[in-house]
Each structure stands twice: as C-alpha cells, then as structure tokens.
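Architecture and fold: a report
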Amino acid sequence: MALAIALAWMLPLVFHGAWRLALAQGVAAALWSGVLRQPYWWAPIHLLFLPAAIALLTLQLPSWLYLLVVLLLALVFWGTVKGDVPLFLSSPAVADALAAIVDRENAGTFADLGAGVGSVAVPLAQRLAIKVDAWEYAPLPWLITAWRCRKLPNADVKRDSLWGCDLGSYDVVFAFLSPVVMEKLGGKVRREMHPGSLFVSSSFPVPDWQPESVVQIEDRRGVKLFCYRVVTTQQKK
Ligand SMILES: C[S@@+](CC[C@H](N)C(=O)[O-])C[C@H]1O[C@@H](n2cnc3c(N)ncnc32)[C@H](O)[C@@H]1O
C-alpha cells in the first residue's frame, strides 16, 4: 500500500484513480509475497484483494450483506482466525476407504475428530453397524452434521473441541486436520487409545511416526491415509 501511494505521488499521471492504485498495490503485494516465499496461491489473493474490494463497493450493496457474510464465515471457519484448522471436505472415495478399513478391523466404535459437515461420519454411520462419535466445534458444520445424523441412532455428534474428548473407547479414530496439530494429536493418540486400535490421519502424517500402512486414494486431491497401529510400547521410531 505504501509503495502504491509512493508511486501515485511520484508518477501522478500514470498512477491516478482508485483502480490504478489498487492494481499497483495488488502487483506490489503479489511480488512481495514471492520475495517472502509465501506459498504460490497467496499471489492471486494479494493481486486481486483490493481491486475486488473496490469492485464490490461500486455495486453499492447494502452494508448488512457484508455483516451477514462475515457472520456466516465465522460460523463455518470458527477458530481459523486464531490459527485453528479450517474446513476442507473429504471425498466420497475417502469415506469408502475408511469404511473398508473399519470393516477389515472388525471395529465396533469409530471417532471422527473434526467432523466438518459429516463427509465421513455420516456415510460410515449409514453403512456400518458401528457406533460413530463425531466432534465438531464450528457451529454451522456441527449443525449440518447433527441434522444429517438425526435419524442415525448409532451416530452421536458433539459440539465440543476434539482436544477434550477421551479416545480410550474407540477401535478406529479418524482425523483430517492440519500439519500444525499432528504432533500434539499424536501425543493424545499415544496417551489415550487402547493397544491394537488404529489411528488414521488423512493427508498429514504424525511427525516421526512409522505408519503401519499408507492408503493411496484415487480422488481429485490424491489423498493419502496414514494408518497407525497403537501399540503398548512407543510408536516413535
Ligand atoms: C479439514 S476439516 C475435516 C472435516 C471432515 N472430517 C472431513 O474429512 O470431511 C477439519 C474440521 O475440524 C474442525 N476442527 C478444527 N479444530 C477442531 C477442534 N479443536 N475441535 C473440534 N473440531 C475442530 C474444523 O471446524 C473443520 O470442520
């Protein structure tokens, strides 16, 4: 922004008007993001943020609409602002693979840590005669999952943080969270899950742990399921 204002001051004939300034700011921010080695997908966000804001202002939408969108986003991406895991959905292929794993394990109890809108918990509770417990703390995804499970007596959807739950009674525990929490989650799994049970993490391995198997899913994202057998002694290698 400072660079764009400086350019407008130095070259008033070239950089005048809100649009040119916004574009100059976007280009400068995108280039700076490259210099800072941010992930590549930040570049278009930086580039388009201010022009998009100006374009929306020209539409003269009522201000309550912006408030509504912010509220909706807050209800979906509950803790994301303070760095918690955002909502991404597992594909039906992931749910199929998990159903096969639960079946093979002969599991009677399954936990979904951070259930989102129930992309995994719902099909598993529908298809298998097992007890499915799902934790989701973001209000809107929780509501959607709870609604989808309303006629499934074997499913229990809890509006609580996954960090407060006790994993001791589950044969299979599933999580699709973020690399940032995997070490902490590994500690919880190790402390609480019973020997012989299985912890499955979608996309993100537990640092320094050796998976018993890695299931490659043939979906659009090419997801990997990292399966860790819980043993009495340490899993760390
Ligand atoms: C990447 S999504 C996965 C959703 C779902 N399990 C799936 O595979 O489609 C992660 C979910 O975990 C939820 N979440 C993140 N931190 C949580 C926490 N501490 N307690 C409960 N849910 C949490 C988020 O709100 C989000 O819905």
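If you're wondering where the values come from, they're calculated on a predicted model, not measured in any experiment. (Residues numbered from 1 in each chain as written. Predicted model: local features only at pLDDT ≥ 70, side-chain atom pairs only at ≥ 80, totals over all residues.)

**Observations concerning the overall build of the protein**
Within the protein, the regular secondary structure consists of eight helices and seven strands. Computed over the C-alpha atoms, the radius of gyration of the protein is 23 Å, more than 25% above the 18 Å expected from 2.2 N^0.38 for a compact globule of 237 residues. Across the 237 residues that make up the protein, the buried fraction comes to 29%. Of the contacts formed within the protein by residues at least 6 apart in sequence, a portion of 58% connects residues at least 24 apart. (Helix = DSSP H or I, 4+ residues; strand = E, 2+ residues; numbered from the N terminus. Rg over C-alpha atoms; globule rule 2.2 N^0.38 Å. Buried ≥ 20, exposed ≤ 12 C-beta atoms within 10 Å, placed from the backbone. Contact = placed C-beta atoms within 7 Å.)

**Digging into the packing of helix H1 (residues 2–10) against helix H2 (residues 17–35)**
For any two helices packed against each other, one specifies the inter-axial angle together with the distance between the axes. Between H1 and H2, the least distance of the axes is 8 Å, while the angle of their chain directions is 135°. Judged on the interaxial angle alone, H2 and H1 are oblique. Here H1 runs over H2; the crossing is right-handed. Residue-level inspection shows Leu-3, Ala-4, Leu-7 and Ala-8 of H1 in contact with H2, the latter providing Leu-21, Ala-24, Gln-25 and Ala-28. Looking at the contact of H1 with H2 residue by residue, the class counts come to seven nonpolar, one polar and no charged. (Axes fitted to C-alpha atoms, helices over the stretch in contact; angles between N-to-C directions. Parallel < 35°, antiparallel > 145°, perpendicular 65-115°, else oblique. Left-handed = near helix turned anticlockwise from the far one by under 90°. Nonpolar A, V, L, I, M, F, W, Y, C, P; charged D, E, K, R; others polar.)

**Things to note about unusual backbone geometry**
It is generally the case that most residues other than glycine have a negative phi and that most peptide bonds are trans. Backbone geometry places Asn-106, a non-glycine residue, at a positive phi of 60°. Tracing the backbone through its elements, the reader meets Asn-106 in the loop between helix H5 (92–105) and strand E1 (109–113). With phi around 75°, Ser-203 is a residue other than glycine that occupies positive phi space. Tracing the backbone shows Ser-203 in the loop between strand E5 (198–202) and strand E6 (213–216).

**Re the domain arrangement of the protein**
Quoted interface sizes are often the accessible area lost when the parts come together. Domains assigned within the protein are domain 1 (2–60) and domain 2 (92–229). Relative to domain 2, the C-alpha centre of domain 1 lies at a distance of 42 Å. (Domains from an automatic or database assignment.)

**Here we look at the environment of Ala-99**
Structurally, Ala-99 can be placed in helix H5. A sequence separation of 62 residues divides Ala-99 from Arg-37, and the C-alpha atoms of the two residues are 40 Å apart. Sequence-distant contacts of Ala-99, defined by excluding residues within four places in its chain, comprise Pro-123, Leu-124, Arg-127 and Leu-128.

**So, the site of the ligand**
Lining the immediate environment of the ligand, one finds 24 residues, of which Ser-90, Gly-114, Gly-116, Ser-119 and Ala-138 sit closest. Class assignment for the residues of the shell around the ligand results in 15 nonpolar, six polar and three charged. (Near = placed C-beta within 6 Å.)

**As for the environment of Leu-152**
Mapped onto the elements, Leu-152 comes out in the loop between helix H7 (139–148) and strand E3 (155–158). What Leu-152 contacts, discounting residues up to four positions off in sequence, is Ala-125 and Gln-126.

**Let's talk about the sheet that holds E1**
Sheet strands line up and pair through hydrogen bonds in the backbone, either parallel or antiparallel. Spatially, the seven strands line up as an open sheet ordered E3-E2-E1-E4-E5-E7-E6, and their pairing is mixed. Since the sheet does not close on itself, it has two edges, and those belong to E3 and E6, each with one partner. The sheet shows a mean angle of 15° between the axes of neighbouring strands, direction not considered. As paired elements, strand E4 (residues 172–175) and E5 share four bridges and run parallel to each other. When the bridges of E5 are listed, Val-172 appears paired with Leu-198. (Pairing = 2+ DSSP bridges.)

**Re helix H3 (residues 42–58)**
Between its first and last C-alpha atoms H3 spans 25 Å; for 17 residues at 1.5 Å apiece the expected length is 24 Å, and the two agree. The largest bend along H3 measures about 40° and falls at Phe-49, with the proline Pro-51 one to four residues further on. (Expected span 1.5 Å × (residues − 1). Bend = angle between axes of the 7 residues up to and from the residue.)

**Things to note about the nonpolar core**
Soluble globular proteins tend to pack their nonpolar side chains together in the buried interior. One finds Leu-98, Phe-110, Ala-121, Leu-124, Val-173 and Phe-174 to be the most contacted residues of the largest nonpolar core, which totals 46 residues. A total of five residues in this core trace back to one element, the largest contributor, which is H5. Contacts of Ala-121, omitting those with residues within four sequence positions, involve Asp-112, Ala-115, Val-132, Ala-134, Thr-145 and Ala-155. (Core = buried A, V, L, I, M, F, W, Y, C linked by C-beta atoms within 7 Å.)

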